[in-house]
Amino acid sequence: MARLSRRTFLAATAATALVRPALAAGTPELRAAPGRAQLAPAGYGPTPVWGYDGGVPGPAIRLRQGGHVARRLVNDLPQATTVHWHGVRVANAMDGVPGLTQDAVEPGAAFDYAFSVPDAGTYWYHPHNRTWEQLARGLYGALIVDEAEGAPEVDADEVLLIDDWRFAEDATLHESFGDLHDWSHAGRLGNWVTVNGVSDWTKRVDHGARLRLRLVNTANARMFPLVLRGLSAWVVALDGQPVAAPYEAGELVLAPAQRVDLIADVTAAPGETAHVLERDRDGLLAVAEFRVEGTLRAAALPPPAALPPNPVPALGPLDDAPRTVLRMEGGAMGGMMAAMMGGQRMALRDLAGQGKVWAFNGSVDMPEAPLVEADRGTTVRIAMVNDTAFPHAMHLHGHHFRVLGPDGPGPLRDTALVDRGETAEIAFVADNPGDWALHCHMVEHAEAGMMTWLRVG
């Protein structure tokens, strides 16, 4: 069989309120277990995966803003696991970070998650134990919170979970999960891309139709530069949070864990195909296709209005806000010679022997003391300085922040891409009490040392 690659696939397919509600009796299960999924095109067999409720992606959880999620995680995996509800401002005990908010759920055990959802938007869920392996094996799903009021009028609402997979030649997952080269460089990058677990995601639409597209990057480490063709689109939300004023979508870059909501009008003519495309070194490659059959509207619709804002507290005076520096260090070509680990200063060679090659402020893994300790309601500033040779997607749990720029605070996010040599200063109101993780969401980087935490009193 020829060597499996994304190009091989393309050629082969071208002709073809922050509270914890009480659990009710009969709480639905969310079962993490081995399974099989047809990720590769016809001609290859199903791929052995780990999935929620037997599928990749796991079941979509959808509810209205202000509602409650209750799921009993049942662990049928050979490893301990948890569930992190990415981007949702949950109560701290529900955040799913082992060693910080809960114990890992051992094989054969279960854990009950129950929380309210204060914000409308596009979110997702995934493990937070051995994430670098469990996420790459297929453990993730969408969590969609519909607006309580003021939802946009659209003809279709589509969730697109974009992932990459590293396949061996027979379309099984390549078992290079702990590869130190990946961990010290860009992370685990795959050779094939799926949307919602399929290699040729397609939807039939009509010219003039208005779509809401919820794009989610669920990959371990891959950044997706996305281009639209045959679609006239506006960005209406980032990481689940509405932007103040919708703006036209040009080329979009989704870092790992980031999301973007688009309102997109189909401008391709009947018989044509509109696309979401990825720009990579081979050119533009199809991610999702919209095959246009008929005409729904001949005249263009007016640009969409802004989505209703979520109840995220407004920033306080920034000049009075305490400011902390978080310096990213290490990795290949990073120049880090040593760092603190477990209270001991260790040389890079000794750290690398334990798979630890990245650091924050000279410290590997979760330090004993929090990076920031803030009273509830305090506006906090963190300057994240990237002194490494690679970009990092920095994710803060339990809160949404704004990146401070020359024109003032940017839109609300929960994951910020900080390129090499850059500094991104974030500000947020520490209004959600508890101990919260802050880490790189290139998940191999997190496991290799890029983890810290904050305490909100």
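This structure is a prediction, so every number in the text was calculated from the model and none was measured.

1. Focus on the overall build of the chain
Along its length, the chain carries 5 helices and 32 strands. Relative to the globule expectation of 23 Å for 457 residues, the C-alpha radius of gyration of the chain, 22 Å, shows essentially globular dimensions. The principal-axis extent of the C-alpha atoms belonging to the chain is close to 65 × 55 × 50 Å. In the chain, which comprises 457 residues, the proportion classed as buried is 57%. Surface exposure of the chain reaches about 18,000 Å², of which carbon and sulfur atoms provide 51%. The averaged location of the 54 negative side-chain charges in the chain is 2 Å from the averaged location of its 38 positive side-chain charges.

2. Side note on the sheet that holds strand β26 (residues 392-396)
Taken in spatial order, the 5 strands make up an open sheet running β24-β32-β31-β26-β29, and their pairing is mixed. The strands lining the two open edges of the sheet, one partner per strand, are β24 (372-374) and β29 (415-418). The sheet shows a mean angle of 20° between the axes of neighbouring strands, direction not considered. As paired elements, β24 and strand β32 (residues 451-456) share 3 bridges and run parallel to each other. Within the sheet, the bridge partner assigned to E373 lies in β32 and is R455.

3. Considering the pattern of salt bridges
Evaluated as defined, the whole model comprises 32 salt bridges. Between R204 and E293 there is a salt bridge whose closest N-O contact spans 3.4 Å. Here R204, found in strand β11 (residues 202-207), pairs with E293, found in strand β19 (residues 283-295); they are 89 residues apart in sequence, far enough to count as distant. We classify R204 as exposed; its relative accessible area is 63%. R413 is paired through a salt bridge with D239; the nearest N and O atoms lie 3.0 Å apart. With a gap of 174 residues between them, R413 in strand β28 (residues 408-413) and D239 in the loop between β14 (231-238) and β15 (241-248) connect regions that are remote in the sequence. D239 shares its class with R413; the two are buried. A single salt-bridge network, built from bridges that share partners, covers R62, D146, E147, D157, R212, R214 and D261.

4. A short note on the packing of aromatic side chains
Scanning the entire structure with this criterion turns up 8 aromatic pairs. Ring geometry for Y52 versus Y125: centroids 5.2 Å apart, planes at 55°, classification tilted. Residue Y52 is found in strand β2 (residues 47-52), and its partner Y125 is found in strand β7 (residues 121-126); the two are separated by 73 residues along the sequence. Assessed through its relative accessible area of 1%, Y52 is described here as buried. On the numbers, 6.2 Å between centres and 80° between planes, the contact of W358 with F390 is edge-to-face. With a gap of 32 residues between them, W358 in strand β23 (residues 358-360) and F390 in the loop between β25 (378-386) and β26 connect regions that are remote in the sequence. Classification of W358 as buried rests on a relative accessible area of 0%. What links up through ring pairs into an aromatic cluster is the set Y52, W85, F111, Y113, F115 and Y125.

5. What about the sheet that holds β23?
The strand order β23-β20-β25-β30-β27-β28 describes an open sheet built from 6 strands, whose pairing is mixed. In this open sheet, the two strands that pair with only one neighbour each are β23 and β28. Geometrically, the sheet is characterised by an average inter-axis angle of 25° between neighbouring strands, direction not taken into account. Two elements, strand β27 (residues 401-405) and β28, share 4 bridges in a ladder whose sense is antiparallel. Paired with G405 across the strands is G408, a residue of β28.

6. Notes on the confidence of the model for the chain
Counting all residues, the mean pLDDT for the chain is 94, and 95% of those residues have values of 70 or more. Counted against residues more than four places away or in other chains, residues 1-22, with its pLDDT under 50, gives 52 contacts.

7. Topic: the environment of R214
Topologically, R214 is positioned in strand β12 (residues 210-217). Judged by relative accessible area, which is 0%, R214 ranks as buried. Separated by 232 residues in sequence, R214 and A446 place their C-alpha atoms 26 Å apart. Not counting residues within four places of it along the chain, the set of residues in contact with R214 comprises R62, G121, T122, I144, D146, D157, E158, V159, L160, V260 and D261. A distance of 2.9 Å separates the side chain of R214 from the side chain of T122, its partner in a polar contact. Only 2.9 Å separates the side chain of R214 from the side chain of D157, close enough to count as a polar contact.

8. Section: the side chain of D163
Its location among the elements puts D163 in strand β9 (residues 156-165). Buried D163, no salt bridge; nearest opposite-charge side chain is R222, N-O distance 8.6 Å. Beyond its immediate stretch of four places on either side in the chain, D163 contacts Y140, W192, V193, T194, T218, A219 and F224.

The rules we used
- Residues numbered from 1 in each chain as written.
- Predicted model: local features only at pLDDT ≥ 70, side-chain atom pairs only at ≥ 80, totals over all residues.
- Heavy atoms only, no water.
- Helix = DSSP H or I, 4+ residues; strand = E, 2+ residues; numbered from the N terminus.
- Rg over C-alpha atoms; globule rule 2.2 N^0.38 Å.
- Buried < 20%, exposed > 50% of the residue type's maximum accessible area, 1.4 Å probe, protein only.
- Areas by Shrake-Rupley, 256 points an atom, 1.4 Å probe, with all protein chains shown as cover.
- Lys, Arg positive; Asp, Glu negative; His and termini not counted.
- Charge placed at Lys NZ, Arg CZ, Asp CG, Glu CD.
- Pairing = 2+ DSSP bridges.
- Axes fitted to C-alpha atoms, helices over the stretch in contact; angles between N-to-C directions.
- Salt bridge = Lys/Arg side-chain N within 4 Å of Asp/Glu carboxyl O.
- Phe/Tyr/Trp six-rings, centres within 6.5 Å; stacked < 30°, edge-to-face > 60°.
- pLDDT = per-residue confidence, 0-100.
- Contact = heavy atoms within 4.5 Å.
- Polar contact = N/O pair within 3.5 Å; in protein donor to acceptor, adjacent residues only side chain to side chain.

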